[in-house]
Amino acid sequence: MPTRKATSKHPTDVRAGEGHHRPPWRVVDTVVLATLGVAFGVVFWAWNLLWTATGPAFTAFPPAQAFMYGVWLLPGVLGMLVVRQPGAAVLTMLVASLVSALLGSAWGLQVVWYGVLEGLAPEIVFALFAYRRFGAAVATLAGAAAGLTAGLLDWFYYYRDWASGWVFSYVGVVVLSAAAVAGLGAVALVRALAATGVLDAFPAGRRRTLV
């Protein structure tokens, strides 16, 4: 009797928990997400300085600076792609934003509020796919959702006096930057890390065979 040929998919394309109950959170999951959050919190601190330093270069058209935004949204999508548990994106972004605030963010504790919402946006996208789809398309959509959230928050808090053209340009560039850097960038990082074997303890590091 003929059998279906097994195929191997890349870790980021696998449906997590297909045919099985979702495994519970482990201590190692929390530790890795916290570590990622701390590391990116330091990156955020440096990126904050770079954003401020490069601001004058965009005086003629400030919305263009938003191409840098995706770096601030990367840890939420990355954390979810690695651990693949509900809450992973929010937790990673929360830790990163807390570390950024403690290191002296120019925006103070407001970055923590931003971090929670910017982690919740991709969380909702992954939840819509029942936390089973982690491929490039879903990751890109999750990154774009984080970018839309960030762009709208910035408009509300900082740019309501801008002309509508500038506002739409700014939000659009933030979304594109987030989709590319936070979405596709996270997929690329996971694939690179998985190739080294450091993610073998996580779903992202294990190839699965679908029959």
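Residues numbered from 1 in each chain as written. Predicted model: local features only at pLDDT ≥ 70, side-chain atom pairs only at ≥ 80, totals over all residues. Heavy atoms only, no water.

Describing the confidence of the model for the protein
The condition is simple: Per-residue confidence from the prediction method is given by pLDDT, with values spanning 0 to 100. In this description, contact between two residues means that some pair of their heavy atoms is separated by no more than 4.5 Å.
On average, residues of the protein carry a pLDDT of 88, and 87% of them reach 70 or more. Confidence over residues 1-19 falls short of pLDDT 50; this stretch has 49 contacts with residues more than four positions distant or in other chains.

Re the packing of helix α2 (residues 70-83) against helix α4 (residues 110-128)
We count it as follows: To define axes, lines are fitted to C-alpha atoms, for helices over the stretch in contact only, and angles between the resulting N-to-C directions are given on a 0 to 180 degree scale. Numbered from the N terminus, helices here are DSSP runs of H or I no shorter than four residues, and strands are runs of E no shorter than two. Any angle from 65 to 115 degrees is called roughly perpendicular, while one under 35 is roughly parallel, one over 145 is roughly antiparallel, and all others are oblique. Crossings are assigned a handedness: left-handed for a near helix turned anticlockwise from the far helix by less than a right angle, right-handed for a clockwise turn. Asp, Glu, Lys and Arg are counted as charged, while Ala, Val, Leu, Ile, Met, Phe, Trp, Tyr, Cys and Pro are counted as nonpolar; the rest, among them Gly, fall into the polar class.
At their nearest, the axes of α2 and α4 sit 9 Å apart, and the two run at 40° to each other. Taken together, α2 and α4 sit at an angle that is classed as oblique. Remark: the crossing between α2 and α4 carries right-handed chirality. In contact with Trp72, Leu73, Val77, Met80 and Leu81 of α2, α4 contributes Glu118, Pro122, Glu123 and Phe126. For the contact of α2 with α4, a count of residues per class yields seven nonpolar, no polar and two charged.

Let's talk about a nonpolar patch on the surface
Counted only if it meets this: Within this analysis, patches are made of residues with over 30% relative accessible area and no salt bridge. Like charges are joined at 9 Å or less; nonpolar side chains (Val, Leu, Ile, Met, Phe, Trp, Tyr) at 5 Å or less. What sets the accessible areas is the Shrake-Rupley method with a 1.4 Å probe; for residues, cover comes only from the shown protein chains. By definition here, a salt bridge exists when the distance from a side-chain nitrogen of Lys or Arg to a carboxyl oxygen of Asp or Glu is within 4 Å.
There is a patch of nonpolar side chains on the surface, built from Trp113, Leu148, Leu152, Trp155, Phe156, Tyr157 and Tyr158 and spanning about 680 Å² of accessible area. At five residues, helix α5 (residues 136-157) tops the list of elements feeding residues into the nonpolar patch.

Quick look at helix α1 (residues 27-54)
Because an α-helix completes one turn every 3.6 residues, residues spaced three or four positions apart along the sequence face the same direction. Applied cut-off: A helix is expected to reach a length of 1.5 Å times the quantity of its residues less one. Here's how the labels work: a residue is buried when its accessible area is under 20% of the maximum for its type, exposed when over 50%, partly exposed in between, all with a 1.4 Å probe on protein chains only.
The end-to-end C-alpha separation of α1 is 40 Å, in line with the 40 Å expected for 28 residues at 1.5 Å each. Buried residues of α1: Asp29, Leu33, Leu36, Gly37, Phe40, Gly41, Phe44, Asn48 and Trp51, and no others. Contact partners of the buried residues in α1: α2, α3 (88-103) and α6 (164-196).

Comments concerning the pattern of salt bridges
Taken as a whole, this structure holds one salt bridge when the rule is applied. Between Asp29 and Arg26 there is a salt bridge; the shortest N-O distance is 2.9 Å. Judged by relative accessible area, Asp29 falls into the buried class, the value being 2%.

Focus: the packing of aromatic side chains
What counts is decided by this rule: Pairing of aromatic side chains here covers Phe, Tyr and the six-membered ring of Trp, requires ring centres within 6.5 Å, and sorts the geometry by plane angle: under 30 degrees stacked, over 60 edge-to-face, intermediate tilted. Only lysine NZ and arginine CZ atoms are considered, and such an atom sits over a ring when it is within 6 Å of the ring centre and within 35 degrees of the ring normal.
Scanning the entire structure with this criterion turns up 16 aromatic pairs. Their ring planes at 50° and their centres at 6.1 Å tell us that Phe58 and Phe67 sit as a pair that is tilted. Members of the aromatic cluster, connected to one another through ring pairs, are Phe61, Tyr114, Trp155, Phe156, Tyr157, Tyr158, Tyr159, Trp162, Trp166 and Tyr170. The cationic tip of Arg160 hangs over the ring face of Phe156; the distance from NZ or CZ to the ring centre is 4.3 Å.

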